[in-house]
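# Observations on the three-dimensional arrangement
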Amino acid sequence: MKILVPTKRVPDPATNIQVLPDGLGIATENVKWVINPFDEIAIEEALRIKERLGTGEVVLAAVGQKSWQEQLRTGLAMGADRAILVLNEKALDSIAVASLLAKIVADEKPELIIMGKQAIDDDSNQIGQMLAEMLGWPQATFASKVEIKERRCTVVREVDGGLETLAFALPAVITTDLRLNEPRYASLPGIMKARKKELKEVPAESLGVELTPRLKVRALRPPSKRQAGRKVSSVAELVNLLHSEAKLI
Amino acid sequence: MTPALRDLDYFGLDELLAPEDKMSRDAVRQFVEKHVMPRIEHNFATESFALTLVPAMAELGIFGANLKGYGCAGMNGIAYGLIMQELEAGDSGLRSFASVQSALSMHAIYAFGAEEQKRRFLPEMAQGKILGCFGLTEPDHGSDPAGMETRARRDGDGWVLNGTKRWITNGTLADVAIVWARVDEGIAGFLVEKGKPGFSARDIKGKFSMRASVTSELIFEDVRLTDGERLPQARGLRAPLACLNEARYGIAWGAVGAARACYNCALDYAKSRRQFARPIGGYQLVQAKLVGMLTEITKAQLVCLRLGQLKNAGKLRAEQVSFAKRNNVSEALKIARSARDILGANGIVNEYPVIRHMLNLETVNTYEGTYDIHTLILGRDITGLAAFE
Ligand SMILES: Cc1cc2nc3c(=O)[nH]c(=O)nc-3n(C[C@H](O)[C@H](O)[C@H](O)COP(=O)(O)OP(=O)(O)OC[C@H]3O[C@@H](n4cnc5c(N)ncnc54)[C@H](O)[C@@H]3O)c2cc1C
């Protein structure tokens, strides 16, 4: 089975993010870049499906800058077979990314797409859904368990208040939640092998997709600092403050 | 991420690394974070090595990572150095384990073994299924291995080995000991497998340093060996010294990891610990210590990087390795002591990694050629006059 895993490069979640003085972007000089953690889970799941079936191909696809090669190589070192990088320098709307991915899908014809439910940088949580809609494929978002038998797929998804089980035929789009699996790290021999794996670059303009953004970032602001706590001397005082000051009770 | 493993890259050296270097480093860092940090203080406290780490290290490809073929990863020197750095940011004992398995034992077989010996041992050593140790030091001969008393006597087609090796890392854990012994022609190396009649090993207890690593004494009483158990290409002391050179290379990098762990810990502590109504990091004396650490770590990183470039180009001289081992370890030890000082009373408890690194680095300063012996090696190199022969 051929599995396509769209992969994004994002700042390491441990990085201390600074907003640029113009308020329109973040400072990138001291940022360590990683594979979006949800995409890492998607790569892991794709590799496990391939290992369970004993055959197949895991193809990574990214839409971004040349420097994203580094994260794709990491995915290849984890065990993916090859990667496609759609080169585009500027920021894109989700709809443009989904459209570019749909072109890659038309070309590659995978039977399954697994991707992160969202990227931890802008938290949009929509490309998987858009892509499924464009392709006219079933979608199962927020997967916490994936099972595949003979071109049928069962996905357990985490919803408010419980679990929901979906069953559908492939091809389909699955987006991953945090508890789906624990991604492996690249082994050293895997890193060496990854050097020789194919990493194809495709210019975004060549795919005939409208790239002009329709969304405009007006301002970025860091979350307001948390106020230091205060010690109270009695339960009565606490209850009183919760009522009069915090207005919670 | 634990502060010990947080990166320190004041001069943007990451830009000089190849993607595979960074990936290797990050993979080992993740391994240390997940598998080593949660248990290392326990191992140090109980004077034990965590053997359960071996399969995970093998799966990651750490053993013999810089060797080519025989199931080894074939990493370049810089990637290999960064791997050692991350292991030692966890614990010097962990890095010692990897150094002994890879740079000393596997390298000895790789460089001086017969093809048959390489095929028999190296793949399983890479998988961590066969563990090795390296016996050069003796109770009465440390800095001066040329004086060794362990002797192998010809006996028909084979050999009879007698003597004692001491301070041998992984001695009781090892399935095969690489033992250096005096023979009529000079010095030779032998592969002595566990369980050979006359071969026994026991651990040295009561260490205050490298407590999460096993250190042993090996005793050989009329141990009979075939000629096939001799490393055929190892002729003279040059052979074990070549292995030591490989290990010292890794130690030069490893020390940076231990120093970084201490620095990160001291920096965080200095920013949050308040005395006289201010964070102690706001006082000039503490800042001077932190800046001194930052400076020496950065210099050591630059030395390592250049060392790696020279190694990759096949131009590295043993004296340059001596330079790096001597400088980086002694600076790491100073940094650890300084970090210990900044932590005050908290610097002496195992809630923080600093005292453990500090105690470990005392060993690192001594083994693989003491600080002073490397001073003499460098002194000989620049003056042409040997002070110790
Ligand atoms: C935890 C641990 C693990 C070890 N693991 C191994 C191992 O796996 N395999 C192995 O073979 N060995 C191992 N060693 C041994 C280590 O390599 C030796 O301890 C080291 O070479 C120093 O030898 P020594 O202890 O006999 O000290 P000595 O040689 O007795 O040195 C004592 C002091 O005298 C100084 N000195 C010696 N000669 C001179 C001179 N000519 N001029 C000036 N000063 C001099 C030294 O610098 C040092 O300060 C290990 C040691 C330790 C502590």
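Residues numbered from 1 in each chain as written. Chains lettered and ligands numbered in written order. Predicted model: local features only at pLDDT ≥ 70, side-chain atom pairs only at ≥ 80, totals over all residues.

Along chain A, the regular secondary structure elements total six helices and 11 strands. Dimensions of chain A, computed from C-alpha atoms along their principal axes, come out at roughly 65 × 45 × 40 Å. Across the 249 residues that make up chain A, the buried fraction comes to 37%. Of all intrachain contacts in chain A linking residues separated by at least 6 positions in sequence, the fraction that spans at least 24 positions is 72%. (Helix = DSSP H or I, 4+ residues; strand = E, 2+ residues; numbered from the N terminus. Buried ≥ 20, exposed ≤ 12 C-beta atoms within 10 Å, placed from the backbone. Contact = placed C-beta atoms within 7 Å.)

On to the overall build of chain B. The number of helices and strands found in chain B is 11 helices and 11 strands. Taking 2.2 N^0.38 as the reference for a compact globule, 389 residues should give roughly 21 Å; the C-alpha atoms of chain B span a radius of gyration of 21 Å, in line with that estimate. Counting only C-alpha atoms and orienting by the principal axes, one finds that chain B spans roughly 80 × 45 × 40 Å. Counting all 389 residues of chain B, 51% fall into the buried class. Sequence separation of at least 24 residues holds for 76% of the intrachain contacts in chain B that already meet a minimum separation of 6. (Rg over C-alpha atoms; globule rule 2.2 N^0.38 Å.)

Residues and elements named next belong to chain A. Interhelical geometry of helix H3 (residues 94–108) versus helix H4 (residues 127–135) gives an angle of 50 degrees and a closest axis separation of 9 Å. Taken together, the axes of H3 and H4 are oblique relative to one another. Seen from above, H3 lies across H4 with right-handed handedness. Here H3 contributes Ser94, Ile95, Val97, Ala98, Ser99, Leu101, Ala102 and Val105 to the contact with H4, which in turn contributes Ile127, Met130, Leu131, Met134 and Leu135. Residue composition of the contact of H3 with H4, grouped by class: 11 nonpolar, two polar and no charged. (Axes fitted to C-alpha atoms, helices over the stretch in contact; angles between N-to-C directions. Parallel < 35°, antiparallel > 145°, perpendicular 65-115°, else oblique. Left-handed = near helix turned anticlockwise from the far one by under 90°. Nonpolar A, V, L, I, M, F, W, Y, C, P; charged D, E, K, R; others polar.)

Before going further, it helps to spend a moment on the site of the ligand. All names here are of chain B. The environment of the ligand is made up of 21 residues, and the closest members are Leu136, Thr137, Gly142, Ser143 and Thr370. Listing elements by their share of the shell around the ligand, those giving two or more residues are strand S3 (132–135), strand S5 (158–169), helix H10 (354–366) and helix H11 (371–383). For the shell around the ligand, the per-class residue count stands at 10 nonpolar, nine polar and two charged. When we break the shell around the ligand down by domain, the ones giving at least three residues each are domain 2 (132–229) and domain 3 (238–383). (Near = placed C-beta within 6 Å. Domains from an automatic or database assignment.)

The predicted coordinates ought not to be read in detail in places where the model reports low pLDDT. In this model, chain B carries an average pLDDT of 97, and 100% of its residues clear a pLDDT of 70 or more. Complex prediction metrics read pTM 0.91 and ipTM 0.86. (pLDDT = per-residue confidence, 0-100.)

This paragraph deals with the nonpolar core. A:Val5, B:Ala259, B:Cys262, B:Ala266 and B:Ala336 are the most contacted members of the largest nonpolar core, which totals 178 residues. Aside from chain neighbours lying at most four places away, what touches B:Ala266 is B:Leu290, B:Met293, B:Ala339, B:Ile342 and B:Leu343. (Core = buried A, V, L, I, M, F, W, Y, C linked by C-beta atoms within 7 Å.)

Both faces of the sheet carry side chains from a regular strand, because those side chains alternate between them. Residue and element names in this part refer to chain A. With seven of its eight residues buried, strand S4 (residues 57–64) lies for the most part within the structure. Note: strand S1 (residues 2–6) against S4, five bridges, orientation parallel. Bridged to Lys2 within S4 is Glu57. Running through helix H2 (residues 69–78), the crossover from S4 to the neighbouring parallel element strand S5 (residues 82–87) is right-handed. (Pairing = 2+ DSSP bridges. Right-handed = clockwise from strand over helix to strand, strands pointing away.)

Bringing the pairing of strand S8 (residues 152–159) of chain A into the picture now. All names here are of chain A. In terms of strand pairing, strand S7 (residues 139–149) meets S8 through six bridges, oriented antiparallel. Pairing of Ile148 across the sheet is with Cys153, part of S8. The hairpin turn running from S7 into S8, its antiparallel successor, is two residues long, and Glu150 in that turn takes a positive phi close to 40 degrees. As defined by bridge partners, S8 adjoins strand S9 (residues 162–169) across eight bridges and the pair is classed as antiparallel. Counterpart to Thr154 in the pairing with S9 is Ala167. Hairpin connection between S8 and S9: a loop of two residues separates the two successive antiparallel strands, and Gly161 in this loop has a positive phi of roughly 80 degrees.

With that settled, the discussion passes to helix H7 (residues 238–272) of chain B. Every α-helix winds through 3.6 residues per turn, so residues three or four apart in the chain are directed the same way. In this model, H7(B) (35 residues) spans 51 Å end to end at C-alpha, consistent with the 51 Å of a helix rising 1.5 Å per residue. Of all 35 residues in H7(B), 29 are buried, a share of seventy percent or more. (Expected span 1.5 Å × (residues − 1).)

Our focus in this paragraph is the interface of chain B and chain A. Facing 16 residues of chain B, the contacting portion of chain A comprises 13 residues. Top contributing element to the side of chain B that touches chain A by residue count: helix H1 (residues 19–36) of chain B, with seven residues. A per-class count over the side of chain B that touches chain A returns 10 nonpolar, four polar and two charged.

Here we come to the domain arrangement of chain B. Residue and element names in this part refer to chain B. For chain B, the assigned domains are domain 1 (3–126), domain 2 (132–229) and domain 3 (238–383). Each of domain 2 and domain 3 was reduced to a C-alpha centroid, and the two centroids are 30 Å apart. Taken together, the contact between domain 2 and domain 3 spans nine residues of the former and nine residues of the latter. In terms of residue class, the side of domain 2 that touches domain 3 is built from six nonpolar, three polar and no charged.

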